[in-house]
Amino acid sequence: MASSVTTPPRSGLFRDGFDLGRLLLEGRAFFALIAIIVVFSFLSPYYFSVSNFLIMSSHVAIYGILAIGMLLVILNGGIDLSVGSTLGLAGVVAGFLMQGVTLNALGVVLYPPIWVVVLLVCALGAFVGLINGILIARFKVPAFVATLGVMYVARGFALLMTNGLTYNNLGGKAELGNTGFDWLGFNRLAGIPIGVVVLVVLALIGSLVLNRSAFGRWLYSTGGNERAAELSGVPVKKVQVAVYMLSGICAAIAGLILSSQLTSAGPTAGTSYELTAIAAVVIGGAALTGGRGNIRGTLLGAFVIGFLSDGLVIIGISSYWQTVFTGAVIVLAVLLNAVQYRRRVKKTTETDGPSASLQSTGKGETANATHGKIAS
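Residues numbered from 1 in each chain as written. Predicted model: local features only at pLDDT ≥ 70, side-chain atom pairs only at ≥ 80, totals over all residues. Heavy atoms only, no water.

Draft legend 1. Molecular detail of the packing of aromatic side chains. For the coordinates displayed, the defined rule picks out eight aromatic pairs. Following the ring pairs from residue to residue traces out a cluster consisting of Phe40, Tyr47, Phe48, Phe53, Phe303 and Phe307. (Phe/Tyr/Trp six-rings, centres within 6.5 Å; stacked < 30°, edge-to-face > 60°.)

Draft legend 2. Up close: a nonpolar patch on the surface. Together, Val39, Phe42, Leu43, Tyr46, Ile314, Ile315, Ile317, Trp321, Val324 and Phe325 give the surface a local cluster of nonpolar side chains, amounting to about 1000 Å² of exposed area. Take Trp321: it is sitting in helix 14 (residues 319–375). (Patch = residues over 30% accessible without salt bridge, like charges linked within 9 Å, V, L, I, M, F, W, Y side chains within 5 Å. Areas by Shrake-Rupley, 256 points an atom, 1.4 Å probe, with all protein chains shown as cover. Salt bridge = Lys/Arg side-chain N within 4 Å of Asp/Glu carboxyl O. Helix = DSSP H or I, 4+ residues; strand = E, 2+ residues; numbered from the N terminus.)

Draft legend 3. Summary view of unusual backbone geometry. The phi dihedral of Lys140 falls on the positive side, at around 60°, and the residue is not glycine. Within the fold, Lys140 resides in the loop between helix 5 (114–138) and helix 6 (143–162). The phi torsion at Thr263 lies on the positive side, around 50°, for a residue other than glycine. Among the secondary structure elements, Thr263 is positioned in the loop between helix 11 (236–262) and strand 6 (264–265). The class for Thr263 is partly exposed, based on a relative accessible area of 32%. (Buried < 20%, exposed > 50% of the residue type's maximum accessible area, 1.4 Å probe, protein only.)

Draft legend 4. Representation of helix 2 (residues 28–43) within the structure. In this model, helix 2 (16 residues) spans 22 Å end to end at C-alpha, consistent with the 22 Å of a helix rising 1.5 Å per residue. The complete set of buried residues in helix 2 reads Arg28, Ala29, Leu33, Ile36, Ile37 and Phe40. Taken around the axis of helix 2, the buried residues stretch over an arc of 170°, which confines them to a single face. Opposite its buried face, helix 2 presents the exposed residues Val38 and Phe42, each directed more than 90 degrees away. (Expected span 1.5 Å × (residues − 1). Arc of directions from axis to C-beta.)

Draft legend 5. A look at the nonpolar core. One finds Ile65, Leu66 and Phe307 to be the most contacted residues of the largest nonpolar core, which totals 65 residues. Per element, the largest residue contribution to this core is 16 residues, and it comes from helix 3 (residues 50–75). Apart from residues lying up to four places away in sequence, Ile65 is in contact with Gly195, Val198, Leu199, Leu202, Cys250, Ile253, Ala254 and Ile257. Counting residues in each nonpolar core, the second largest holds 20 residues, with Ala90, Val117, Leu170 and Leu256 among its members. (Core = buried A, V, L, I, M, F, W, Y, C linked by side-chain atoms within 4.5 Å. Contact = heavy atoms within 4.5 Å.)

Draft legend 6. Spatial organisation of the pattern of salt bridges. A complete count under the given rule lists one salt bridge for this structure. When the shortest N-O distance is used, the salt bridge between Arg227 and Glu230 registers 3.7 Å. Remark: Glu230 and Arg227 occur in helix 10 (residues 226–231); sequence separation between them is three residues, near one turn of the helix. Residue class for Arg227 comes out exposed when judged on its relative accessible area of 53%. When its relative accessible area of 41% is taken as the criterion, Glu230 is described as partly exposed.

Draft legend 7. Looking closely at helix 11. Its 27 residues give helix 11 an end-to-end C-alpha distance of 39 Å, which sits within 8% of 39 Å, the value for a rise of 1.5 Å per residue. Counting buried residues in helix 11 gives 20 out of 27 residues, a clear majority hidden from the surface. Of the residues flanking the end of helix 11, it is Thr263, one or two places downstream, whose phi is positive at about 50°.

Draft legend 8. Summary view of the packing of helix 12 (residues 273–283) against helix 13 (residues 295–314). Following both chains from N to C, one finds helix 12 and helix 13 inclined at 120°, their axes separated by 7 Å at the closest point. The orientation of helix 12 with respect to helix 13, classified from their angle, is oblique. For helix 12 against helix 13, the interelement crossing comes out right-handed. The residues of helix 13 that touch helix 12, namely those facing Thr276, Ala279, Ala280, Val281 and Ile283, are Gly297, Thr298, Gly301, Ala302, Val304 and Ile305. Per-class residue counts for the contact of helix 12 with helix 13 are seven nonpolar, four polar and no charged. (Axes fitted to C-alpha atoms, helices over the stretch in contact; angles between N-to-C directions. Parallel < 35°, antiparallel > 145°, perpendicular 65-115°, else oblique. Left-handed = near helix turned anticlockwise from the far one by under 90°. Nonpolar A, V, L, I, M, F, W, Y, C, P; charged D, E, K, R; others polar.)

Draft legend 9. Just the confidence of the model for the chain, in detail. For the chain, the average pLDDT comes to 85, and 85% of its residues sit at 70 or higher. A low-confidence stretch, residues 354–376 stays under pLDDT 50, and its non-local contacts, those more than four residues away or across chains, total zero contacts. (pLDDT = per-residue confidence, 0-100.)

Draft legend 10. Layout of the packing of helix 9 (residues 214–224) against helix 11. Look at helix 9 against helix 11: their axes get within 10 Å of each other, and the N-to-C directions meet at 105°. If you check the angle between helix 9 and helix 11, you find them roughly perpendicular. Of helix 11, the residues touching helix 9 (which contributes Phe215, Trp218, Leu219 and Thr222) are Val236, Val239, Ala242, Val243 and Leu246. Each residue belonging to the contact of helix 9 with helix 11 can be placed in one class, and the counts come to eight nonpolar, one polar and no charged.

Draft legend 11. Representation of the state of the cysteines. Following the criterion strictly, the structure yields zero disulfides and no others. Unpaired in terms of disulfides, Cys122 finds its nearest cysteine sulfur in Cys250, a separation of 9.3 Å. Judged by relative accessible area, which is 9%, Cys250 ranks as buried. (Disulfide = S-S within 2.5 Å.)

Put into structure tokens, the structure is as follows:
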């Protein structure tokens, strides 16, 4: 008996149909960035220039590096509220090492070279992330609660180390062999700030890891359905610990760059930066429920926030209004994310219809039968 297959009609001028609303929704971060550039270029003659774009990009680099680490955590279905405090603690530790480490027993003061300072600070960020990962993966503490507690602990250690003061003049001295810390914040490579270069390198590495490695596949599958990933043989707990460690390392790198740009390290640096990182990830189209998102969208989200904030400063808007605008952008991004994924689920349901439910039921019964055979 011959069966006929009904093909849904295609709409639009293109083969798969053209949906303007879908295009604007999925490319909202890019279109928002273009709109910001156009509006502020019209409002200020100083905004649209290569030198200003490079300066703003160096500011965005801090947000972007934090957001890359945050994206990995959110893809896993978690959240990391400790990145801002980790950034501040990393800067304070770098400042402490640059001031010299006194060994009272030997009566000497050690001035570690810059590469040692960078390695130690990155190790510190990984350690903070390890604590988060162990609390969440091993002890099943909710990510919000665990990272909130670590956020306060890290900020408290930063305040204790400095007694609430700031380490200034981190340029070092040539005779002590600890110069070069300001290289991260002020030097340029082919005219591009070093912070932006670091951001690009981390973004490329992150894209390769997410798209071309087994870890990337594990991360997406864990964020999409943790139980199914675990049954498929994915090392779920190791992936959870790894993403929080990577987030901590990104926060430490951002702390190094920020301290270098300011040539000082204060215990309150990075306050509320965790919210900015989350906002960049959400604006870039990632789902807070996990399993969906990419590096490209996250970087666009970071540039949207950075270019918007700097544009408001250039035209003389109060910093209080900047907070209002940033909050409004976050709320709008979350609403658009909800609309985007609701439309996707609805479209899938309408396209598949009742037959998809029957097919999925059949697959579920087959899987259950197979699981029973394996168990017996």
